[in-house]
Amino acid sequence: MLYNILGCYTAFFGVTFLGRFTMFSKIKKWFTDFYTKGNTIGYIIISVCIFMGLFAWMFFKTGGMNGPIPYLFVFGIVFGFLMYKGILLLIMVSVQTLFYIAVCWISYKYPEYVTPFISADRRMIVQMAVIILTAIGMGCIFLMYISKYRKQQKLAEDSSNAKSELLANISHEIRTPINMLLGMNEMIIRESGNPQINEYAQNVDSAGQHLLFLVNQFLGISRINMGTEVLFEENFNVYKMIESLGAFYGKEAEEKRLEFVMDIERKMPAYLYGDIRKLSQILSNLLSNAVKFTAKGNIVFSAHIVQREEGTYTLRFEVSDTGIGIPDGAQELIFENFERVDITKNRGIEGTGLGLSISNKLAELMGTRIQVESKYGVGSAFWIDVKLKQGDNEGARFNDQTGFFIAPEAKILAVDDTSMNLQVVKALLKRTMVSLDVAGSALESYDKYEKNDYDLVLMDYMMPEIDGISAMKHLREMDKARDKRTPIIVLTADASPEMREKFFEEGFDDYLLKPVESGILESVLLKHLPEKLVTMINSDNAEVLPEDTKAEFAALLKKYDVSLDMALKNLGGDVLQFARISKFFLNNTPDTIEKIKKYAAAKDYENTAILIHALKGNAGNVGGEDLFHSARRMEKRAKDKDEKYIVYGLPLFIMEWERVMEGLNCFLEEFEKIKHTLENNKDEENKLSEEELWDALLSAVRLGNQSPALKLIDQLEEYGKEKKKLEVIREHIKNIEFDLAEGIIFTIKR
């Protein structure tokens, strides 16, 4: 009897699971269709033939209720619950249950139909075998069911990830035209003198920035959903970050006639180490919401130390307002995707309902979450407690420099397959006066890199055929042959932290995110260009000529068609920098003119146009008006391959260049006579009294400006007083202990 049971049972599992485990493809396919695709008829046949017919026969042959088959009845009912759905589930489970009850009643009423066991030992062996086999069978069915569920779950996850990835790719592609739009629009704002056009351009900028904000939100939510968002920590100046946010949203609040209050604890360390981008995004969203949902009253932006440990600070950033508030039941709802509270009342307020959801998820990534207290109709307060490591002032994202820089002797190569992107970079770098070459592909960049010695390379990441990473590695190999290492900065529209890390791991020196912001672009160049090539321009410290002297120089240069006003406009009025650029023009353009003559004679008008274009920019930098306009005409004619115009126009162009050269030489001769007088006067003007120096030092310490504070200490030491205390203050400032330094300064000032 035992062998009969085992044989029947083996046959059942062989039939049931052969399709799942067989190595024979045809049988496997049949059984896969039979079960995986939910063949209901097959399930019914199994239930009727095996779980009811076979099991009932075995029941009567193996001792009835005293045998092991009732365990299999349980197995049959479980099979019904797992395999059927809807009304069929109710019917089949009911039929099986009633059938088993009927079988048990018959065995009780007519015991003669039941075959008893020969011995108790045989009964125990058969019962144990059936229990084990039943457990295995139920386990296999559960595994099959769970496997099916996991497949469906994976399909759902893959579908969700595909949607998120598609959204990220679409958003990525949108950033490229936004880069062009915002970049060219910025040049309209910079260069247009028409107030009406500037107003139009400001409106375009606002709309473009809002569009970029929305794209960034969708990028953020897609990365979070895919689980690819990670922290990217760096050194940053917390006061600069707060001041930047306060300046922007303070202006927004002012436009709505709201009072904007900043309550910032000055004992915080100036430099911290953390993910400034995510922190700024969170605070920007909180401030933006406060401005949007507050019609009257005030907004308070505060930052305070909650806890101080060795090497780390827990800071609380809070934004409170007197806006519409949030109902009690909706305070958790606002952190859900696409959810907005009181839509009817707030239908005139723009928003996607993503901001707080993304911000809270970013906060959780940073080990915290956004907290909220609100009273409907009265106002709200949002805050986060963020734990950040203490940083230092070396390599901080925001530096203490003001103004901008010029680097007329620096040579940069920009590589991008989109010509409009190259135009944007050209426009944004115009005021820096760098010499910029462009390449439309990786192969073109190799050719130019071999022929020229560049100080820095801007490399687009997404290029056809050869991408930015491969191109960068090829340039690195070329550098090895020259025994040098040129900084290479990647240009990318992919803002994901994993790509940022990948760029650094591959060997890029830095990265710039599209749309490229002029301030960040200049900051990155300032960080990587050789220091000797860079001159900071700050209108507050510019060497300005006395009006009578300026008029004399202007009259002198005008004789040679050079405009002093045109030159000084791009230099913050600094005449010392004009003298430096004039020397650069005198030393470098003669070689360019000789090459122009050579290419024009050989009828190589493509290279002729390239060189004239470079000289055109230099002519504008030194104020050579006629030469600038003549170069623009010559460049166009050279591109058109107008041989007749080039032949007759080139001598006139060279004559105008010679006049500019002569004028700049005359200017430099006269300027050298008064240069020392200007420098001495400036030294006297800049010299502060001892009391003024202490006030300036106190202000620098309160702002956490380490470098200026150390320079002020050097000047105070010249007075020969408080030397020991100054050394103590110096050590405190070096260790970023500004609160201790501030206390000593207060004691001295009393």
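Cut-off values and rules
Residues numbered from 1 in each chain as written. Predicted model: local features only at pLDDT ≥ 70, side-chain atom pairs only at ≥ 80, totals over all residues. Heavy atoms only, no water. Helix = DSSP H or I, 4+ residues; strand = E, 2+ residues; numbered from the N terminus. Buried < 20%, exposed > 50% of the residue type's maximum accessible area, 1.4 Å probe, protein only. Expected span 1.5 Å × (residues − 1). Polar contact = N/O pair within 3.5 Å; in protein donor to acceptor, adjacent residues only side chain to side chain. Contact = heavy atoms within 4.5 Å. Pairing = 2+ DSSP bridges. Axes fitted to C-alpha atoms, helices over the stretch in contact; angles between N-to-C directions. Phe/Tyr/Trp six-rings, centres within 6.5 Å; stacked < 30°, edge-to-face > 60°. Lys NZ or Arg CZ within 6 Å of the ring centre and 35° of its normal. pLDDT = per-residue confidence, 0-100. Patch = residues over 30% accessible without salt bridge, like charges linked within 9 Å, V, L, I, M, F, W, Y side chains within 5 Å. Areas by Shrake-Rupley, 256 points an atom, 1.4 Å probe, with all protein chains shown as cover. Salt bridge = Lys/Arg side-chain N within 4 Å of Asp/Glu carboxyl O. Parallel < 35°, antiparallel > 145°, perpendicular 65-115°, else oblique. Left-handed = near helix turned anticlockwise from the far one by under 90°. Nonpolar A, V, L, I, M, F, W, Y, C, P; charged D, E, K, R; others polar. Core = buried A, V, L, I, M, F, W, Y, C linked by side-chain atoms within 4.5 Å. Right-handed = clockwise from strand over helix to strand, strands pointing away.

Draft legend 1. Expanded view of the overall build of the protein. If you tally the helices and strands in the protein, you get 25 helices and 14 strands. Looking at the protein as a whole, 45% of its 750 residues are labelled buried.

Draft legend 2. Summary view of helix H13 (residues 468–482). Helix length check: H13 (15 residues) gives 21 Å between terminal C-alpha atoms against 21 Å at 1.5 Å per residue, within 8%. The complete set of buried residues in H13 reads Gly468, Ile469, Ala471, Met472, Leu475, Arg476, Met478 and Asp479. The backbone nitrogen of Ile469 lies 3.2 Å from a side-chain oxygen of the residue at the head of H13, namely Asp467. Looking one or two residues beyond H13, the residue adopting positive phi is Asp483, at roughly 60°.

Draft legend 3. Region of the structure containing the environment of Phe628. Within the secondary structure, Phe628 is located in helix H20 (residues 625–639). A C-alpha to C-alpha distance of 9.3 Å links Phe628 and Trp657, two positions 29 residues apart in sequence. Setting aside anything within four residues of it in sequence, one finds Phe628 in contact with Lys616, Ala619 and Gly620.

Draft legend 4. Structural detail: the side chain of Thr432. By the secondary structure assignment, Thr432 is in the loop between helix H11 (419–428) and strand S10 (435–439). A polar contact is formed between the side chain of Thr432 and the backbone oxygen of Leu429, at a distance of 2.6 Å. With residues near it in sequence (within four places) discarded, Thr432 still touches Phe405, Ile406, Ala407, Pro408 and Glu522.

Draft legend 5. Focus on the environment of Asp739. Take Asp739: it is sitting in helix H25 (residues 738–749). A relative accessible area of 23% places Asp739 in the partly exposed class. Between the C-alpha atom of Asp739 and that of Arg266, which follows or precedes it by 473 residues, the distance is 7.7 Å. In contact with Asp739, not counting residues within four places along its chain, are Lys267 and Arg308.

Draft legend 6. Highlighting the sheet that holds strand S12 (residues 488–492). With parallel pairing, the five strands of this open sheet are ordered in space as S10-S9-S11-S12-S13. Where the open sheet ends on each side, the last strands, each with one partner, are S10 and strand S13 (510–513). Here the strands of the sheet are splayed against their neighbours by 20° on average, with no regard to which way each runs. Sheet topology note: the S12/S13 ladder contains four bridges and is parallel. Paired with Val490 across the strands is Tyr511, a residue of S13. Sheet contacts for H13: strand S11 (456–460) and S12; angle to S11, the most-contacted strand, approximately 155°.

Draft legend 7. Quick peek at the packing of aromatic side chains. Taken as a whole, this structure holds 14 aromatic pairs when the rule is applied. Ring centres of Phe503 and Phe508 lie 5.9 Å apart, and the angle between their planes is 90°; on these two criteria the pair is classed as edge-to-face. This pair shows no difference in class: Phe503 is buried, exactly as Phe508 is. Put simply, the rings of Phe59, Phe60, Phe73, Phe99 and Tyr100 touch in pairs and so form one group of aromatic residues. Over the ring of Tyr645 we find Arg637, and its NZ or CZ is 4.5 Å from the ring centre.

Draft legend 8. Highlighting the confidence of the model for the protein. Scored by pLDDT, the protein has a mean of 78; 78% of the residues are at 70 or more. Note on residues 34–38: pLDDT under 50 across the span, and 13 contacts to partners over four residues away in sequence or across chains. Residue range residues 394–402 is modelled with pLDDT below 50. Its contacts to residues more than four positions away, or to other chains, number 30 contacts.

Draft legend 9. Summary view of a nonpolar patch on the surface. There is a patch of nonpolar side chains on the surface, built from Tyr71, Met124, Ile125, Met128, Ile131, Ile132 and Ile136 and spanning about 660 Å² of accessible area. Per-element tally for the nonpolar patch: the top contributor is helix H6 (residues 120–191), with six residues. In this fold, Ile131 is placed in helix H6.

Draft legend 10. Fine view of the packing of helix H18 (residues 575–601) against helix H19 (residues 605–621). Where H18 meets H19, the axes come as close as 9 Å, and the angle between the chain directions of the two elements is 160°. Judged by the inter-axis angle, H18 sits roughly antiparallel to H19. For H18 against H19, the interelement crossing comes out left-handed. Of the residues in H19, those touching H18 at Ile581, Phe584, Phe585, Thr589, Thr592, Ile593, Lys595, Ile596, Tyr599 and Ala600 are Tyr605, Asn607, Thr608, Leu611, Ile612, Leu615, Asn618, Ala619 and Asn621. Of the residues in the contact of H18 with H19, the class split is twelve nonpolar, six polar and one charged.

Draft legend 11. Representation of the nonpolar core within the structure. Met241, Ile242, Leu279, Phe317, Leu697, Ile729 and Ile733 are the most contacted members of the largest nonpolar core, which has 63 residues in total. Here this core takes eight residues from helix H9 (residues 276–292), the largest share from any one element.

Draft legend 12. Molecular detail of helix H5 (residues 86–109). Taking 1.5 Å as the rise per residue, H5 with 24 residues should run 34 Å; its terminal C-alpha atoms sit 35 Å apart, in good agreement. Of the surrounding elements, those touching the buried residues of H5 are helix H3 (40–61) and helix H4 (69–83).

Draft legend 13. Seen up close, the pairing of strand S5 (residues 312–321). Most of S5 sits out of view: eight of its ten residues are buried. The pairing of strand S4 (residues 298–309) with S5 spans ten bridges and is classified as antiparallel. Paired with Ala303 across the strands is Phe317, a residue of S5. Between the antiparallel neighbours S4 and S5 lie two residues, among them Gly311 with a positive phi of about 85°.

Draft legend 14. Layout of the pattern of salt bridges. This structure, assessed with the given rule, holds 23 salt bridges. The closest approach of N and O atoms between Asp565 and Lys550, which form a salt bridge, is 3.7 Å. With Asp565 in helix H17 (residues 564–569) and Lys550 in helix H16 (residues 547–558), this residue pair connects regions lying 15 residues apart in the sequence. Ionic pairing is found between Lys603 and Glu643, a salt bridge with its closest N-O pair at 3.2 Å. Here Glu643 lies in helix H21 (residues 643–686) and Lys603 lies in the loop between H18 and H19, a separation of 40 residues in the sequence. Beyond isolated ion pairs, a larger network of salt bridges with shared partners links Arg476, Arg485 and Asp509.

Draft legend 15. Layout of the packing of H19 against H20. Axis separation between H19 and H20 bottoms out at 8 Å; the angle between their running directions is 165°. Relative to H20, H19 is oriented roughly antiparallel. The handedness of the crossing between H19 and H20 comes out as left-handed. The segment H19 lies against H20, with Tyr605, Thr608, Ala609, Ile612, His613, Leu615, Lys616, Ala619 and Gly620 engaging Leu627, Phe628, Ala631, Arg632, Met634, Glu635, Ala638 and Lys639. Classifying every residue of the contact of H19 with H20 gives ten nonpolar, three polar and four charged.

Draft legend 16. Summary view of the side chain of Asn237. Tracing the backbone through its elements, the reader meets Asn237 in strand S1 (residues 234–237). A distance of 2.9 Å separates a polar atom in the side chain of Asn237 from the backbone nitrogen of Tyr239. A distance of 3.1 Å separates a polar side-chain atom of Asn237 from the backbone nitrogen of Lys240.

Draft legend 17. Spatial organisation of unusual backbone geometry. One non-glycine residue, Glu465, lies in positive phi territory at about 70°. As for its position among the elements, Glu465 is in the loop between S11 and H13. On the basis of relative accessible area, Glu465 is assigned to the exposed category, the value being 81%. Backbone geometry places Lys641, a non-glycine residue, at a positive phi of 60°.

Draft legend 18. Spotlight on the pairing of S10. With four of five residues buried, S10 lies mostly within the body of the structure. Taken together, the five bridges between strand S9 (residues 411–415) and S10 define a ladder with parallel strand orientation. Within S10, the residue paired with Lys411 across the bridge is Ser435. One crossover worth recording links S9 to the parallel S10 by way of H11, and it is right-handed.

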